[in-house]
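Close look at the chain arrangement
So you can see what is in the structure, the chains are spelled out below.
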2 protein chains.
Amino acid sequence: MALEHAILVSLEERAGSGYELARRFDRSFGFFWAASHQQIYRTLKRMVARGWVTVTDVAQQGRPDKKVYRATDGGRGELARWLAEPTDPVTVRSEFAVKIRGASFGDPDVVIEEIARHRAHHAERLDVYRTIEKRDFPDPDDLRGQRLHQYLVLRGGIRAEQGQLDWCDELLAALTRDRDSADHEADDTHHHPEG
Amino acid sequence: MALEHAILVSLEERAGSGYELARRFDRSFGFFWAASHQQIYRTLKRMVARGWVTVTDVAQQGRPDKKVYRATDGGRGELARWLAEPTDPVTVRSEFAVKIRGASFGDPDVVIEEIARHRAHHAERLDVYRTIEKRDFPDPDDLRGQRLHQYLVLRGGIRAEQGQLDWCDELLAALTRDRDSADHEADDTHHHPEG
DNA sequence: CTATACATGTAACTAGTTACATGATTTA
DNA sequence: TAAATCATGTAACTAGTTACATGTATAG
């Protein structure tokens, strides 16, 4: 399980409440590991039981009380152990790729619309990442340690989004061409490709 | 849920048994949707109950009997419905990215080894995909329909693997540089960057 | 005689999603 | 006064993994 380890990394970077962690998993951390607040609260409870984190009640003015979590030596040990353990290759699951593979069994125009939607999503993501890159890491060659690692993960996100975007363009070019050539055939009574 | 739809696409391409489906999910189909035989048998049972597929017992000589599954009109309808329904953007989960983000909390050399392992895996995958591309799709411009869709999904795989490979190279360059500069500092008693 | 391929399953567990539940404070 | 932000949870469900279970036929 990696959610525990993702939380350990996040708490090592900075201690925080379940709510704060949930917000991090909506933003920067969520760019490579998604987690809902329900999952986070449940997992934090388990991590306290295992002694990987400690919890402290913190009263606030003008806001509800919160519980601040901090990694313990046990948690740091577990994180180091996990980092040294080889990760086995990810099991890919792309619903979008299933749709492309099955495109013949649906309406071509609707599939093309879906690709355009997918493309727009990745273009937007890429834009967000590029903005963060320029704003937060103007001099990448000077980076070291944690800041460097944050930058490198962002670089991975940029590469992934750019890759998806380029693929969408390839898909749109190929599938619109395929659709249009099928249209011409339907029009053209002189031409019988099946005969 | 997309496993059901992945199975429907696969059975539309060609009817087959649970075992045969499991093999497909180990090979071509598994390049973008992973599924174990346990999951497949369980899901096929559910799909029969929903009327999306029918099952026929087939006796074989020299081999155990098998159950061949075929998509029904109901299954085809469900597939078309699902293809027309917008897919919401994938929730990314990259254990590898978590490890990069948390690299400061482990041994730098071990993290570099992990990246090298990851790189080797993607290089191998890319090689497999490139081989299939050359062997099965020598003239991509002539492709239409199902064959075109198969090719395009393969293209997505090639792009994704190439992207991961390039990222690994960027990671290795940056992290070996960071490690080596830290080593020099430790050696160099004249230089105190923290003072 | 041993390993691999063919063939189909069940049971228990772990991880993740969706729906429900509560309540304070601040901003529009 | 309505919506958004802060803050923490439970319950039920769906999906996926790991372990267990059985048996035949063929190739080395």
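All figures in this text were calculated on a predicted structure; none of them were measured in a lab. (Residues numbered from 1 in each chain as written. Chains lettered and ligands numbered in written order. Predicted model: local features only at pLDDT ≥ 70, side-chain atom pairs only at ≥ 80, totals over all residues. Heavy atoms only, no water.)

Topic: the overall build of chain A
Definition in use: Note on conventions: DSSP H or I runs of at least 4 residues are helices, E runs of at least 2 residues are strands, and numbering of each starts at the N terminus. Exposure is judged per residue with a 1.4 Å probe applied to protein chains only, and the accessible area is read against the type maximum: over 50% gives exposed, under 20% gives buried, and values in between give partly exposed. Contacts are assigned to residue pairs that have any heavy atoms within 4.5 Å of one another. Each accessible area is a Shrake-Rupley estimate made with a 1.4 Å probe; only the visible protein chains count as cover when residues are assessed.
The secondary structure content of chain A amounts to seven helices and two strands. Listed by position from the N terminus, the elements making up chain A come as α-α-α-β-β-α-α-α-α. In terms of principal-axis extent, the alpha carbons of chain A reach across some 80 × 45 × 40 Å. Going through the 195 residues of chain A one by one, you find that 43% of them count as buried. Sequence separation of 24 or more characterises 56% of the internal contacts of chain A that already satisfy a separation of 6 or more. Surface exposure of chain A reaches about 10,500 Å², of which carbon and sulfur atoms provide 49%.

Examining the protein's contact with DNA strand C
Applicable threshold: Residues are counted as near a molecule or strand when any one of their heavy atoms sits within 4 Å of it. In the analysis that follows, any N or O atom pair within 3.5 Å is treated as a polar contact, provided that within protein one partner can donate a hydrogen and the other can accept it, and provided that, for residues neighboring in sequence, both atoms belong to side chains. Throughout, the ten residues Ala, Val, Leu, Ile, Met, Phe, Trp, Tyr, Cys and Pro are labelled nonpolar, Asp, Glu, Lys and Arg are labelled charged, and all others, Gly among them, are labelled polar.
The environment of DNA strand C is made up of 24 residues, and the closest members are M1, Q39 and R42 of chain A together with Q60 and K67 of chain B. Taking the atoms of DNA strand C that fall within 4 Å of the protein, sugar and phosphate contribute 64% of them. One of the backbone nitrogen or oxygen atoms of Y19 of chain B is found 2.9 Å away from a phosphate oxygen of DNA strand C. Elements supplying a minimum of two residues to the surface near DNA strand C: α3 (37-49) of chain A together with α2 (18-24), α3 (37-49) and β2 (66-71) of chain B. With five residues, the top contributor of residues to the surface near DNA strand C is α3 of chain B. Across the surface near DNA strand C, the residue classes tally to six nonpolar, eight polar and 10 charged.

Section: the protein's contact with DNA strand D
Around DNA strand D, 24 residues are found, and the nearest of them are Q60 and K67 of chain A together with M1, R42 and G62 of chain B. For DNA strand D, the fraction of protein-proximal atoms (within 4 Å) that sit in sugar or phosphate groups is 66%. Within the side chain of Y41 of chain A, one N or O atom sits 3.1 Å away from a phosphate oxygen of DNA strand D. Elements with a minimum of two residues in the surface near DNA strand D: α2 (18-24), α3 and β2 (66-71) of chain A together with α3 of chain B.

Some remarks on the layout of surface pockets
The gaps of empty space that remain are located by a probe, the size of a water molecule, rolled over the atoms. All names here are of chain B. Short version of the rule: The rule is simple: put a 1 Å grid over the protein atoms alone, call a set of points where a 1.4 Å probe fits but cannot get out a cavity, call an open set with protein on both sides within 12 Å along at least five of seven lines a pocket, and count a residue as lining if it has an atom within 4 Å of a point. Grid points are joined across faces, edges and corners, and a volume is the space filled by probe spheres set on the points.
When its volume is computed, the second largest pocket comes out at roughly 350 Å³. Along the walls of the second largest pocket sit 14 residues, with S17, G18, Y19, Y41 and K67 positioned nearest its centre. Where the lining of the second largest pocket is concerned, the elements lending two or more residues are α2, α3 and β2. When the residues that make up the lining of the second largest pocket are grouped by side-chain class, the tally is five nonpolar, three polar and six charged.

A few points about the interface of chain A and chain B
We apply this condition: Buried area adds together the accessible area that both of two parts lose upon being put together, with accessible area traced by a 1.4 Å probe. In the sections that follow, a salt bridge refers to a side-chain nitrogen of Lys or Arg positioned within 4 Å of a carboxyl oxygen of Asp or Glu.
Of the residues lining the interface, 68 residues belong to chain A; the matching set on chain B comes to 68 residues. Of the roughly 6,400 Å² buried where chain A meets chain B, counting both sides, 61% is carbon and sulfur surface. For chain A, the biggest contributors to the area lost against chain B are L83, R101 and F105 of chain A; these three give 14% of the whole. Here chain A is connected to chain B by eight salt bridges. One salt bridge in this structure joins E170 of chain A and R159 of chain B, with 2.9 Å as the shortest N-O distance.

So, the relation of the copies chain A and chain B
Worth spelling out the cut-off: For the least-squares superposition of copies, only C-alpha atoms count, and only for residues with pLDDT at least 70 in both.
Laying chain A over chain B is done by rotating through 180° and shifting 0.0 Å along the axis; what remains is an RMSD of 0.0 Å. The transformation relating the two chain copies, once decomposed into turn and shift, fits a two-fold axis.

Description of the domain arrangement of chain A
Note the cut-off: Where each domain starts and ends comes from a domain assignment, either automatic or drawn from a database.
Looking at the assigned domains, one finds that chain A contains domain 1 (3-84) and domain 2 (95-191). Once you take the C-alpha centre of each, domain 1 of chain A and domain 2 of chain A turn out to be 33 Å apart.

Details of helix α1 (residues 3-13) of chain A
In terms of burial, α1 of chain A is a largely internal element, nine of the 11 residues being buried. Buried residues of α1 of chain A: L3, E4, H5, A6, I7, L8, V9, S10 and L11 of chain A, and no others. Looking at the buried positions of α1 of chain A, the neighbouring elements they touch are α2, α3, β1 (53-58), β2 and α4 (73-84) of chain A together with α5 (95-101) of chain B.

Brief notes about the environment of A116 of chain B
All names here are of chain B. Topologically, A116 is positioned in helix α6 (residues 108-136). Residue A116 is classed as partly exposed on the basis of its relative accessible area, which comes to 37%. Linking A116 and V92, residues 24 residues apart in sequence, is a C-alpha distance of 22 Å.

Re the packing of aromatic side chains
The condition is simple: Two rings from Phe, Tyr or Trp (for Trp, the six-membered ring) form a pair when their centres sit within 6.5 Å of each other. Planes less than 30 degrees apart are called stacked, planes more than 60 degrees apart edge-to-face, and all others tilted. When the NZ atom of lysine or the CZ atom of arginine is within 6 Å of a ring's centre and also within 35 degrees of its normal, the charge is said to sit over that ring.
Under the criterion given, the structure shown has 10 aromatic pairs over all chains. Consider the rings of F31 of chain A and Y129 of chain A, whose centres lie 4.8 Å apart with planes at 55°: the pair is tilted. On the criterion of sequence distance, the pair formed by F31 of chain A in the loop between α2 and α3 and Y129 of chain A in helix α6 (residues 108-136) is long-range, its members being 98 residues apart. Considered together, F31 of chain A and Y129 of chain A belong to a single accessibility category, that of buried residues. One aromatic cluster is present, built from ring pairs that chain together F25, F29 and F32 of chain A. Positioned above the aromatic ring of W82 of chain B is the side chain of K99 of chain A, whose terminal nitrogen or guanidinium carbon lies 5.1 Å from the ring centre. Of note, R50 of chain B hangs over the ring of W52 of chain B, and the distance from its end group to the ring centre comes to 5.1 Å.

Some remarks on the side chain of S10 of chain B
Relative to the helices and strands, S10 of chain B resides in helix α1 (residues 3-13). Setting aside residues no more than four positions away along its own chain, S10 of chain B makes contact with L21, R24 and F29 of chain B.

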